[in-house]
Every structure is written in C-alpha cells, then in structure tokens.
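Breakdown of the fold
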Amino acid sequence: MDVQEGLGPGPATKITYIDGRPTTITLRRCQLALIRGEELKEYVFERDVVTLGAMEDNDLVVDDETVSRNHCRIVREGDQYLLIDNGSTNGTFINRVRIREAFLHANCTITLGKTDIKFQAVDEKLHIVPSDRERYGDIIGRDRSMREIYAILEKIAPTDTTVVIEGETGTGKEVVARTIHQQSRRRDGPFMVFDCGAVPENLIESELFGHEKGSFTGAIGTRQGIFEMAHGGTVFLDELGELQLDLQPKLLRVLEQREVKRVGGGKPIKVDVRIVAATNRDLEAEVRAGRFREDLFYRLTVVRLLLPPLRDRRDDVLLLARHFLTQGRFNRDRLGGKKVTDFADDVIERLNAYEWPGNVRELHNVVERAVSFAENEVVVLEDLPDHIAYTRRGDSGSLSEKTNPNISLPDGGPELAGPFKDVKEAWIASFEEDYIAKLLEKNGGNISHAAKEADIDRKYFRKLMKKYGITADRE
C-alpha cells in the first residue's frame, strides 16, 4: 500500500493510495460541545482555524461576560489541534490548567471564563468510488483518474478545507480551483486569483495584504489587498512555490489567525477566506532545500490533489477538443453559429498520437489556431501546426533534422541584420525553398518520392511548393 507521505506528522485530511490509485479520504473535523448547566450543544467545524470569543464574528460565539471578545483560537497542526490564547483577560484553560498554547487531546475540557467546552477530533473515512460523470463543474474528462478526482472534490468542495493542486503547467489547475469555489458554500462570494510568480517582488506584500496611504513611495491612497477583497470567498494562490521566503511567515499568519496587516498599518483586519493554491513544483523537495517553510507547507497541504498530464488521459483529448469547438468564442461566425463542427479522421488520429507537453492549455491553443485556419466546416490536417500534423507519434526531431544528410543549408542566405524574428523567418523561408527544390531535383521531379524522402505528407509538400512557386512534372 502506498500512503501519501509528508515530511512530518502529515495533514489531518489524508488520501490513501493503493497501487497508485486513491481509495479512501479521511476528513478530520473539530467537534466542540458547549456546556450550559445540564444542556449540551454540539458544533462541528471543518475549517483549519476555529475562533472562539464573545464577538459575533467568531466561529463559536460564547455568550459569557467573563469571556473576551476574541478569546482564543484552535488551529489544526498536522494531525493534531493546538489551542492558542489570544491574550484574553481571564485566561484559557485545559482541564483547569491555564495555558498560553497547548495541544488538545480527546475529551478534554476547555474553559473560557465561566464556560466549559468539551473537545473531540472526529475522523470520517470515506471510500473513493470513481464518479460516473464526464465533467464536474468546469472540469472536463472521462478518464478514470479524472473521475477519481471528481469523487474527492465532491467530498471536500463543500467544506472550507485548504487545498493544494499539483501538476504540470497547463493541466488546468485554475479550472479546478474555480470549480472548488463554485461548488462550495462561498460560491456567491468573490474568487480572487494571485499569481505568486507574476508580481514584482517589491509589490507582492502590498498586493496580498494591502497598504496604507503614505506607507511607501507611490502609495498615494489606502488600498485593500487580495485577502481583504476576497472576504467571504476564496483566494487562489497560483504558482505557490514562487512565493518569497520572507513573505511566507505573513501568509502563515493569515492562515492561523485569519487576519491581515496592511503595509504601513498596525491594526489587524479580520478576513474570512478559503485558500486554494497551485504549484508545478515539488513542495516537499522545496522544503528540504530550505526554499519553503515546513510549517507553512503543513498549513496549506490539508488536501493535495495531483492532476494527471494530458498524455496519461488520451481518451480525453478528443472530448476536450470537441468541447473547445462547442464552447469557444473563437468558433463563432457572424450570426453566432459554429464555424467548425468537427475534425477529420486523420486529424483525430494525429491529436490522439501527439504527446501534448503543454497539456490542456496547448490543446486549447491548437484547436483555436486550427479554427482560424479552417476553410471548411471540418478541421483538416493542413489546419494543424506542422509539428503535430506531419510528425508521427514517437518522432522527436524537427523537419530539418529529418532531411537527407546530402542536402545542405542554402548558400549565401539572408543577411544577419535586423530584428531577430524577421531574420529567423527569412532564413527558414530560404531553407524551405532550397530544400524543396533540391529534393525534387534529386527525385526527378516526382512529388510523391520527394515527400516520402522528406517524411512529410504529400499535401503539405505541395503546399510548400505552391508557397515558393516551385513546379514539377510528376506526381
């Protein structure tokens, strides 16, 4: 059995794998029983941080004049819960012993002022049965690995559980994050995206936490950060592994205390957000290398979802491609109808054979490009990029790498002066024209033989001939 492992105690919510397939998900919940005389009222919390106090904005409101407004909080720490006093007036107690910070154990009694609260950690083990769906929210896929992800999302999306989505670039991590938000109780709240790798280093803190007027040069007014703007909704931290090490403790503070401090500000501001993050890095390796904080790693990785690359779910390629044709705005004519209705059989064959290093994002771009080139209602081979249309599965070389070694590059090509893009295109055109002409000459003007030697489709060979005004006597 292969169980998802971490660097230490591991997250409280665990996914168990057997032979590489998820079989069960264990959800840990915090159960608190508020004792009022002989009355006992139970509350169950699925979030990572539970706040207790007399103020209405606490998760558990304690109506007791001896309890402070924001008395204490319970923080999920790996597979345990930590009780932290927030500097309360009358103190926080576990089994009548006053504490500042202490781990909770089963059936212990928390005392705030004159109020007793029974604590219990409740585990719920759920078996993962692949869903029958071909989509979940905005996620498309019928492959078993995707249907297993749907089954996991059905369990965790309605909760406030923090999720980290891992996978290669282009696998659809933001689509999964949006779907989690749409399927949660926060669906009517904002969904705020922050790309940790796209914002200049000197602006990241301000973008995340906001700033006060005059806090730095250029701060001409007070500005809310992403977490404040997402209050009541979800924050999606994309490219989490790119977050600077010195900012990670401040993110940890948000996770633990659900509050932020603006740059240049001293007053903490309460925020109610769910955090979903994504990365294409191995965060455990980043922790071992000292580039990512271990405590932040455990706060974030309550549930870790690994999205499979498109090459491992080939049955989904055509399903996704047709979905893009149906839904894409790029495939609309002037009357709003579809310009292109389907793909030719040889196009389907090439789409299924290609390795898709750029995953779903690359497939989307290829379909959009093909529609823009298409002259009929069906995408044909000539509408695809050359490296997909005229390369067989398993081929690794480019067109120029497959040429006959006796064919040399053109002599006296374009001058090496001017913008790189223009010079490059001129050299490629010069090579193509010379290559096609010499190959035809070598094969006695026989187009079929020349195309076969070039290892490209005859239609494409004729397309290059037409492009450069080259003629031949034989097919």
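This one's a predicted model, so the numbers in the text were calculated from it and none came from an experiment.

1. Digging into the overall build of the protein
Helices and strands together make up the secondary structure of the protein, namely 14 helices and 24 strands. Every one of the 475 residues in the protein was classed for burial, and the buried ones make up 49%. Of the accessible surface of the protein, which amounts to about 24000 Å², a share of 47% is contributed by carbon and sulfur atoms.

2. Remarks on the packing of helix α8 (residues 315-327) against helix α10 (residues 359-373)
For any two helices packed against each other, the geometry comes down to the angle between their axes and how far apart the axes lie. Remark: α8 packs on α10, axes separated minimally by 10 Å, with the N-to-C direction vectors making an angle of 50 degrees. With respect to α10, the element α8 is oriented oblique. Considering the relative orientation of α8 and α10, their crossing is right-handed. Contacts between α8 and α10 involve Val317, Leu320, Ala321, Phe324 and Leu325 on the former and, on the latter, Val360, Leu363, His364, Val367 and Val371. Among the residues forming the contact of α8 with α10, the class breakdown is nine nonpolar, one polar and no charged.

3. Some thoughts on the environment of Val129
Of note, Val129 is situated in the loop between β13 (115-127) and β14 (135-136). Put simply, Val129 and Pro22 are 107 residues apart on the chain and 8.9 Å apart in space, counted from C-alpha to C-alpha.

4. Side note on the sheet that holds strand β11 (residues 101-103)
The five strands lie next to each other as β6-β5-β7-β8-β11, forming an open sheet whose pairing is mixed. Pairing within the sheet leaves two strands with one partner each, and these edge strands are β6 (60-61) and β11.

Conventions used here
Residues numbered from 1 in each chain as written. Predicted model: local features only at pLDDT ≥ 70, side-chain atom pairs only at ≥ 80, totals over all residues. Heavy atoms only, no water. Helix = DSSP H or I, 4+ residues; strand = E, 2+ residues; numbered from the N terminus. Buried < 20%, exposed > 50% of the residue type's maximum accessible area, 1.4 Å probe, protein only. Areas by Shrake-Rupley, 256 points an atom, 1.4 Å probe, with all protein chains shown as cover. Axes fitted to C-alpha atoms, helices over the stretch in contact; angles between N-to-C directions. Parallel < 35°, antiparallel > 145°, perpendicular 65-115°, else oblique. Left-handed = near helix turned anticlockwise from the far one by under 90°. Contact = heavy atoms within 4.5 Å. Nonpolar A, V, L, I, M, F, W, Y, C, P; charged D, E, K, R; others polar. Pairing = 2+ DSSP bridges.

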